[in-house]
Amino acid sequence: MIVIPAIDLKDGQAVRLFKGDYKQKTIYSKQPEKLALEFEQMGASYLHVVDLDGAKEGTTTNLETIQKIRETISIPIELGGGIRNMETVDLYLNEVGIDRVILGTAAIEDPDFLKDALQKYGSKRIVVGVDINDGYVSTSGWLKTSTVHYLDFLKELEKLGVEYIVCTDISKDGTLTGPSFELYENIHQKSSIQFVVSGGVKDAQDVYQVNEKGYYACIVGKAYYEGKMNLKEVIVCLQKESSLV
C-alpha cells in the first residue's frame, strides 16, 4: 500500500478544510513547496495535491504554486481541483510535469471528456475523484451534490476503463474521526477499481488498518499536520513490511 501525504492549496498556501467547508480552514504553510520537500525527505513515494480554489471555480488559480512544488521535488505528484477541459489536462501533464491528474466534477458532468482524456493519456495518468456525500457523488469543490449514487457511478467508470479513483467521504474529511471503512469495504466487494482511501485518517493505526485490508493507497493530511502521527515512521514501517513480502 502507498501512503500519500496531501497538500491542499488555497490562495497559494497549504491549508486543511473541515468537511470541505471553505469557511473552516486552517493554514499550515505559506510555502507549500518546502512542505512537499519535507514529505519527500520522509520517504514518501507519491504526493497528493489539491487546488481548492480551482475545484471551486474551475480554474488554475494555484498554477504558480503547483509549478514550484513540481520544481522542488522529484517524486510523482497527483493533482486535482478544477481540471475540467483537455487544455488544463495537457497543461498539467505536459507542461508542468504532473504525473497524474484527478478529474472530479468533469468526470460526472462530462463523461465524453473523461473518455477522451483516458484515450489520450491512459488510465495510469487519468484518475477520477469520487467525493461522496451521504451516498451520492458531489461536485464543484463539494459545494453541489448530484443525484448519482456512488456505486452506480463506479459501474460507469469501470465501463469507461477507469482503473484508479481517489474516494473521499466528505463527512469524514478533516475530522480526525477515522476513515469510512464500511464504505471502502463496500467498494472493495462490489467494484474492481483500485481506490485511494481519503478523509478522516486520525492516526498510524488507521493507516495500518488500510494496509491490512489490502487497499491500494491511503492519503494522510490533517493527522500529520496536527501531530497525531509520525509519518516518517509509518512510511518506513510499511516499506519494511512490503520488502518482506
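A quick note: this is a predicted structure, and the numbers were derived from the prediction, not measured.

Draft legend 1. Structural view of the overall build of the chain. The secondary structure content of the chain amounts to 11 helices and 12 strands. Computed over its C-alpha atoms, the radius of gyration of the chain comes to 16 Å, within 12% of the 18 Å expected for a compact globule of 245 residues. With the C-alpha coordinates aligned to their principal axes, the bounding extent of the chain is approximately 45 × 40 × 35 Å. When burial is assessed residue by residue, the chain has 57% of its 245 residues classed as buried. Considering only contacts in the chain between residues 6 or more positions apart, those separated by 24 or more positions represent 67%. In the form shown here, the chain has an accessible surface area of approximately 10,800 Å², with 45% of it arising from carbon and sulfur atoms. With 27 positive and 36 negative side-chain charges, the chain shows a separation of 3 Å between the mean positions of the two kinds.

Draft legend 2. Fine view of the packing of aromatic side chains. Counting across every chain of the model gives seven aromatic pairs. For the pair phenylalanine 39 and tyrosine 225, a centre-to-centre distance of 6.3 Å together with 70° between the ring planes defines the contact as edge-to-face. Of the two residues, phenylalanine 39 sits in helix α1 (residues 32–41) while tyrosine 225 sits in helix α10 (residues 222–225), which places them 186 residues apart along the sequence. Tyrosine 225 matches phenylalanine 39 in its accessibility class, with the two residues each being buried. Members of the aromatic cluster, connected to one another through ring pairs, are Tyr28, Phe39, Tyr224 and Tyr225. Over the face of the ring belonging to tyrosine 22 we find lysine 56, whose NZ or CZ atom lies 4.8 Å from the ring centre. In this structure, arginine 100 is placed above the aromatic ring of tyrosine 46, and the distance from its NZ or CZ to the ring centre is 4.5 Å.

Draft legend 3. Inspection of the layout of surface pockets at higher detail. Of the voids in this model, the largest pocket is the one considered here, and its volume is about 200 Å³. For the largest pocket, the lining is made up of 13 residues, of which Met1, Ile2, Leu238, Gln239 and Ser242 are closest to its centre. Top element by residues in the lining of the largest pocket is helix α11 (residues 231–244). It accounts for five residues. In the lining of the largest pocket, the residues fall into seven nonpolar, five polar and one charged.

Draft legend 4. Main features of empty space enclosed by the protein. By the definition in use, this model includes two cavities of 30 Å³ or more. Taken as a whole, the largest cavity encloses approximately 500 Å³ of empty space. Forming the boundary of the largest cavity are 32 residues, of which Val50, Leu52, Ala55, Asp131 and Trp142 lie nearest the centre. The computed volume of the second largest cavity comes to approximately 90 Å³. Taken together, 14 residues form the lining of the second largest cavity, with Arg16, Gly199, Gly200, Val201 and Lys222 sitting closest to its centre. Taken together, the residues that form the lining of the second largest cavity break down as five nonpolar, six polar and three charged.

Draft legend 5. Highlighting the packing of helix α3 (residues 63–72) against helix α4 (residues 86–96). Following both chains from N to C, one finds α3 and α4 inclined at 30°, their axes separated by 11 Å at the closest point. In this view, α3 runs roughly parallel relative to α4, as classed from their interaxial angle. The two elements α3 and α4 cross, and the hand of that crossing is right-handed. In this structure, α3 contributes Leu63, Ile66, Gln67 and Arg70 to the contact, and α4 contributes Leu91, Tyr92 and Val96. Class assignment of the residues belonging to the contact of α3 with α4 gives a composition of five nonpolar, one polar and one charged.

Draft legend 6. Local environment of the environment of threonine 72. Residue placement: threonine 72 occurs in helix α3. Look at threonine 72 and you get partly exposed, because its relative accessible area is 30%. Between the alpha carbons of threonine 72 and alanine 36 there is a distance of 7.7 Å; along the sequence they are 36 residues apart. The residues touching threonine 72, leaving out its near neighbours within four places in the chain, are Glu33, Leu37 and Glu40.

Draft legend 7. Local environment of helix α8 (residues 181–190). Along α8, the residues that are buried comprise Phe181, Leu183, Tyr184 and Ile187. One face of α8 carries all of its buried residues, which in axial projection span an arc of 160°. Opposite its buried face, α8 presents the exposed residues Glu182, Gln189 and Lys190, each directed more than 90 degrees away.

Draft legend 8. Structural context of a negative patch on the surface. A surface patch of like charges, here negative, comprises Glu109, Asp110, Asp112 and Asp116. Within the secondary structure, aspartate 112 sits in helix α6 (residues 111–121).

The rules behind each value
- Residues numbered from 1 in each chain as written.
- Predicted model: local features only at pLDDT ≥ 70, side-chain atom pairs only at ≥ 80, totals over all residues.
- Heavy atoms only, no water.
- Helix = DSSP H or I, 4+ residues; strand = E, 2+ residues; numbered from the N terminus.
- Rg over C-alpha atoms; globule rule 2.2 N^0.38 Å.
- Buried < 20%, exposed > 50% of the residue type's maximum accessible area, 1.4 Å probe, protein only.
- Contact = heavy atoms within 4.5 Å.
- Areas by Shrake-Rupley, 256 points an atom, 1.4 Å probe, with all protein chains shown as cover.
- Lys, Arg positive; Asp, Glu negative; His and termini not counted.
- Charge placed at Lys NZ, Arg CZ, Asp CG, Glu CD.
- Phe/Tyr/Trp six-rings, centres within 6.5 Å; stacked < 30°, edge-to-face > 60°.
- Lys NZ or Arg CZ within 6 Å of the ring centre and 35° of its normal.
- 1 Å grid on protein atoms, 1.4 Å probe; cavity = no way out; pocket = protein on both sides within 12 Å on 5 of 7 lines; lining within 4 Å.
- Points joined across faces, edges and corners; volume = space filled by probe spheres on them.
- Nonpolar A, V, L, I, M, F, W, Y, C, P; charged D, E, K, R; others polar.
- Axes fitted to C-alpha atoms, helices over the stretch in contact; angles between N-to-C directions.
- Parallel < 35°, antiparallel > 145°, perpendicular 65-115°, else oblique.
- Left-handed = near helix turned anticlockwise from the far one by under 90°.
- Arc of directions from axis to C-beta.
- Patch = residues over 30% accessible without salt bridge, like charges linked within 9 Å, V, L, I, M, F, W, Y side chains within 5 Å.
- Salt bridge = Lys/Arg side-chain N within 4 Å of Asp/Glu carboxyl O.

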